[in-house]
Structures are given as C-alpha cells and as structure tokens.
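# Analysis of the macromolecular model
These are the residues of each chain, in order.
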Amino acid sequence: MTNAKIIDGRALAVELRSEVAQKVAAHDLKPNLAVVLVGNDEASLIYDRNKQKAAQEVGMDCHIYHLEENITEVELLELIDQLNEDVRVNGILVQLPLPKHINTLNILTRISPEKDVDGFNPYNAGLLLNNSPYAVVPATPKGILYMLERVFSDLSGKKAVVIGRSNIVGKPLAALLLNHNCTVTVVHSKTLDTESIVAQADIVIAACGKPKIVTENWIKPGACVIDVGINRINGKICGDVDFDNVQLKAGYITPVPGGVGPMTIAMLLLNTYEAFARQNHFNF
Ligand code: GUN
C-alpha cells in the first residue's frame, strides 16, 4: 500500500506568515494583539510565548497579560473592559482553559466582537453559523479549511466526520465545513459505533484529545486525515491519530507536530491583521 501524502502545515504556515508580514509592512501603524493568560499552565505558557514570538516576527506588537491563578472573574472582566476600550489594542485573546472558578462564557462574551481574534464570542459564533462573511473564524478550523482546500479542488458533497465537539474546534469546524457544502457528521464520546461512521468519511478530523485513538480500521482507503490532537505519551508529543499505521491507508495526512499547530498560529495572525484592517477601514 502506498503511503499517504503528508500535508506540511509548517511549510504552509511559513507562506501564510510571510503574506501577513507583507500586509502589515504596508501600513505605518502596527497591529497590536493582547494575549491574556491566567495561571501557570505549562502548555498554555508555551503556546502564548509562541504566539507572541510569531506576532512580533510579522511586525505586530503583542503583549502578554499574565495574571495570577486566583484572580477573580470580576477582575478579569475589568481587564477585558480596559482592553476593549483601549484604541491601541486591535485584538484580544484569552488563553483557554481558564481556572475552574471563572465562567469562561462570561469572559468570552465580554470581549468586543471586533477585537475577538479567536472568534469565540457567541456573536461571532452566531455569524459563523449564519455563514456570514463578517464572521471571525476560529484559528484552528480556519487553518484546517485552508489545508483541505489545498487537497480538494471542491469540498462540495464530501463526507466529513469531525471527531470531538469542543467549542474551540469541533463545533466551529462543523459549521465551517457545512458552509462549504460538506456533508458533516460530528461524533463524540457518547456516539455509538464511531468506527463505522468514521470509516465512511472522505475527510476525517480528529479533535478529541485522546492519544492515537484513530486507528487504520477507522479509515476509508484514500481518505484525508487531519489530526488536531496534541498529547504527550512519556514526554513525546503525539496526535489523536495513530500516524504510523493510518498513513499506510490514508490518501493525505497531517503530522503531529508540524501539521495543524503551525496553521493555528498563522491563522491567529491573519485574524489579528483582519481585525486591525477592519478597525482602520483598510481594504484586505
Ligand atoms: N486553547 C487551546 N486552543 C486555543 C485557541 O485556539 N485559543 C485560545 N484562546 N485558547 C486555546
């Protein structure tokens, strides 16, 4: 059996980032991204430093507001209000997950929809469900769509199965693929007979956070498999897909690391540029 073609997220992200850098360089003003991080979750700290570095590399300003784990919800809302009102700030991102004592939806709802570069505010989520061109599309789904459009000239009628129903990947991705005329099924931890549903898919997106759960018996020969998972087994990073075996059967596959992850950061930068351009009435 031939091996699947590898979708090189790192290379695609390099291209995208250089496009964003060119757009940024065309203006005297710099886009400014505020990243809010609560507590000391190690993975979140690394993600946010990577986001800041990537933003600075494309010529943006980016400040991380690093807050104590025990900050109250009211205090966090006050910071969001300040950032909403600060005309120098174009984009606001609150790193998730938040500590349990904070109501995440209250926080995300408070971010001004124009500055919501994650697209997690329910207003933007609603625009996405309505297939509005003004929706801010969350970065991971937006990066996945970009990769799929590289593989398929037309997504119309393709059977897509999304594994996982999170607010940050599964749900917005299902809406986005539906907007692109895929036939979309979402499977999750309570789904009966997941394997036989996934086995019918032309496109499989694994976003359930379970290391190597997607094995080759789940995959239709030639299918395109996108792996959103970032898990650690004995310190080694792996995805939700059993890459070594699935790549023998799939037509296309994303690696972990080097697949979806770099695309997410690139699309965050694009969302930040787009927010900046809208706020300044630039064409983009
Ligand atoms: N946590 C995991 N993924 C994301 C993301 O895309 N944005 C934010 N803000 N937090 C996350």
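Above this text is the structure in question.
A brief structural summary. What you are looking at is a predicted structure, and each value in this text was computed from that prediction instead of being measured. (Residues numbered from 1 in each chain as written. Predicted model: local features only at pLDDT ≥ 70, side-chain atom pairs only at ≥ 80, totals over all residues. Heavy atoms only, no water.)

## Notes on the site of the ligand
For clarity, the cut-off: Proximity criterion: a residue is near a molecule or strand once any of its heavy atoms comes within 4 Å of it. N or O atoms closer than or at 3.5 Å make up a polar contact, with two conditions inside protein: a donor-capable atom paired with an acceptor-capable one, and, for residues adjacent in sequence, both atoms drawn from side chains. Note on areas: Shrake-Rupley, 1.4 Å probe, and residue coverage restricted to the protein chains presented here.
All residues adjacent to the ligand are L93, V94, Q95, L96, D118, F120 and I168. In the model, a nitrogen atom of the ligand is placed 2.8 Å from a nitrogen or oxygen of the V94 main chain. Between the ligand and D118 there is a distance of 2.6 Å, counted from a nitrogen atom to a side-chain nitrogen or oxygen. Within the complex, 81% of the 270 Å² of free accessible area of the ligand lies under protein.

## Section: a positive patch on the surface
Note the cut-off: Like-charged residues are merged into a patch within 9 Å and nonpolar side chains (Val, Leu, Ile, Met, Phe, Trp, Tyr) within 5 Å, provided each residue has over 30% relative accessible area and no salt bridge. By salt bridge we mean one thing: a side-chain nitrogen of Lys or Arg within 4 Å of a carboxyl oxygen of Asp or Glu. Positive charges are assigned to Lys and Arg, negative charges to Asp and Glu, while His and the chain termini are left out of the count. All charge positions are set by atom: Lys at NZ, Arg at CZ, Asp at CG, Glu at CD. Only runs of H or I of at least four residues qualify as helices and only runs of E of at least two qualify as strands under DSSP, and these elements are numbered from the N terminus.
The grouping of R165, K171, K190 and K210 at the surface amounts to a positive patch. Here K210 shows up in the loop between β7 (203-206) and β8 (224-227).

## Observations concerning the sheet that holds β7
So the rule is basically this: A pair of strands counts as paired when DSSP detects no fewer than two bridges linking them.
Sheet architecture is open: six strands sit in the order β1-β11-β8-β7-β5-β6, paired in parallel fashion. The open sheet is flanked by β1 (5-6) and β6 (183-187), the only strands paired with a single partner. Direction of pairing for strand β5 (residues 159-163) relative to β7: parallel, over a ladder of four bridges. Note that in β7 the partner of V161 across the bridge is V204.

This is a description of form; function is not addressed.
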